[in-house]
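Summary of the model geometry
Each chain is listed here by its residues.
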Amino acid sequence: MSTERDFTEFYLATYRRLVGQLFVLTGSRHDAEELAQEAFSRALPRWAKISRYEAPEAWVRRVAFHLAFSRRRKAVRGAHALLRLGTSRTHHDDGRDSVAVAEALRAVPVRHRRALVLHYVVDLPVRDVAAELGVPENTVKTWLRRGRQQLQAALMDDTTPTDALLIHLRP
């Protein structure tokens, strides 16, 4: 019974934060909520083990991010199929609000985007991002630099630093 209570407390303490992070990653509140719920539903049967981890929230976030990227890959494959059939792309406004930044993040490669979200939105230091992604710290630094450059290009804005834009996306 206490395991169930512990999971409920964990869920209540971390759900909103995870949804906010996923919103920045996906650009869709609905998708963010759905992905978070799926990640927590996968954690529940494993909670006895996950609860002993140093950072159970990182496990749930990793699962949710993996689900988001998997969904994204499927959507890209579907879009490519539609393009082969002659369907045209839609154009999105590149404004400076949170939704525009989240949309611009879609132009950034997945590994760079993950590093950006973990560092600027989740507010993890570089060493923790490296540990969560399983790469060296210098790799994370490179991904952050390249990701900022790619985000800046996607926003087509030379005046506002991208790290300032990303920090404002924190839930």
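Note that the coordinates shown come from a computational prediction; the quantities given were computed from them, not determined experimentally.

A word on the pattern of salt bridges
- Under the definition given, this model contains 7 salt bridges.
- Notably, a salt bridge pairs Glu57 with Arg17, separated by 2.7 Å at the nearest N-O pair. Remark: Arg17 occurs in helix 1 (residues 2-26) and Glu57 occurs in helix 4 (residues 56-84); sequence separation between them is 40 residues.
- When the shortest N-O distance is used, the salt bridge between Asp31 and Arg71 registers 3.3 Å. Pair noted here: Asp31 is in helix 2 (residues 29-43) and Arg71 is in helix 4, with a separation of 40 residues, a long-range link.
- What makes Arg71 partly exposed here is its relative accessible area of 31%.
- Several salt bridges share partner residues, and in doing so they unite Asp31, Glu34 and Arg71 into one network.

A look at the packing of helix 6 (residues 110-121) against helix 7 (residues 126-133)
- Between helix 6 and helix 7, whose axes approach to 9 Å, the crossing angle comes to 135°. When the interaxial angle is binned, helix 6 and helix 7 end up oblique. In this structure, the crossing between helix 6 and helix 7 has a hand that is right-handed. Along its contact with helix 6, which presents Arg114, Ala115, Leu118 and His119, the element helix 7 presents Val126, Val129, Glu132 and Leu133.

Quick notes on the nonpolar core
- If you look at the biggest cluster of nonpolar residues, it comprises 47 residues, and the most contacted ones within it are Leu22, Val60 and Val117.
- Contributions of two or more residues to this core are made by helix 1, helix 2, helix 3 (47-50), helix 4, helix 5 (98-105), helix 6, helix 7 and helix 8 (137-155).
- No other element matches helix 1, which puts 9 residues into this core.

Focus: the confidence of the model for the chain
- Predicted confidence across the chain gives a mean pLDDT of 81, with 74% of residues reaching 70 or more.
- Counted against residues more than four places away or in other chains, residues 86-96, with its pLDDT under 50, gives 15 contacts.

Details of the environment of Leu155
- Locating Leu155 in the fold gives a position in helix 8.
- Distance in space between the C-alpha atoms of Leu155 and Glu103 is 9.2 Å, their sequence separation being 52 residues.

A few points about helix 7
- Every buried residue belonging to helix 7 is among Val126, Val129, Ala130, Glu132 and Leu133, and all of these are buried. Buried residues of helix 7 fall within an arc of 165° about the axis and therefore sit on the same side. Every exposed residue of helix 7 that faces more than 90 degrees away from the buried side is listed here: Arg127 and Ala131.

Section: the environment of Arg16
- By the secondary structure assignment, Arg16 is in helix 1.
- Remark: the alpha-carbon pair of Arg16 and Ala36, spanning 20 residues in sequence, is separated by 9.0 Å.

Thresholds applied
Residues numbered from 1 in each chain as written. Predicted model: local features only at pLDDT ≥ 70, side-chain atom pairs only at ≥ 80, totals over all residues. Heavy atoms only, no water. Salt bridge = Lys/Arg side-chain N within 4 Å of Asp/Glu carboxyl O. Helix = DSSP H or I, 4+ residues; strand = E, 2+ residues; numbered from the N terminus. Buried < 20%, exposed > 50% of the residue type's maximum accessible area, 1.4 Å probe, protein only. Axes fitted to C-alpha atoms, helices over the stretch in contact; angles between N-to-C directions. Parallel < 35°, antiparallel > 145°, perpendicular 65-115°, else oblique. Left-handed = near helix turned anticlockwise from the far one by under 90°. Contact = heavy atoms within 4.5 Å. Core = buried A, V, L, I, M, F, W, Y, C linked by side-chain atoms within 4.5 Å. pLDDT = per-residue confidence, 0-100. Arc of directions from axis to C-beta.

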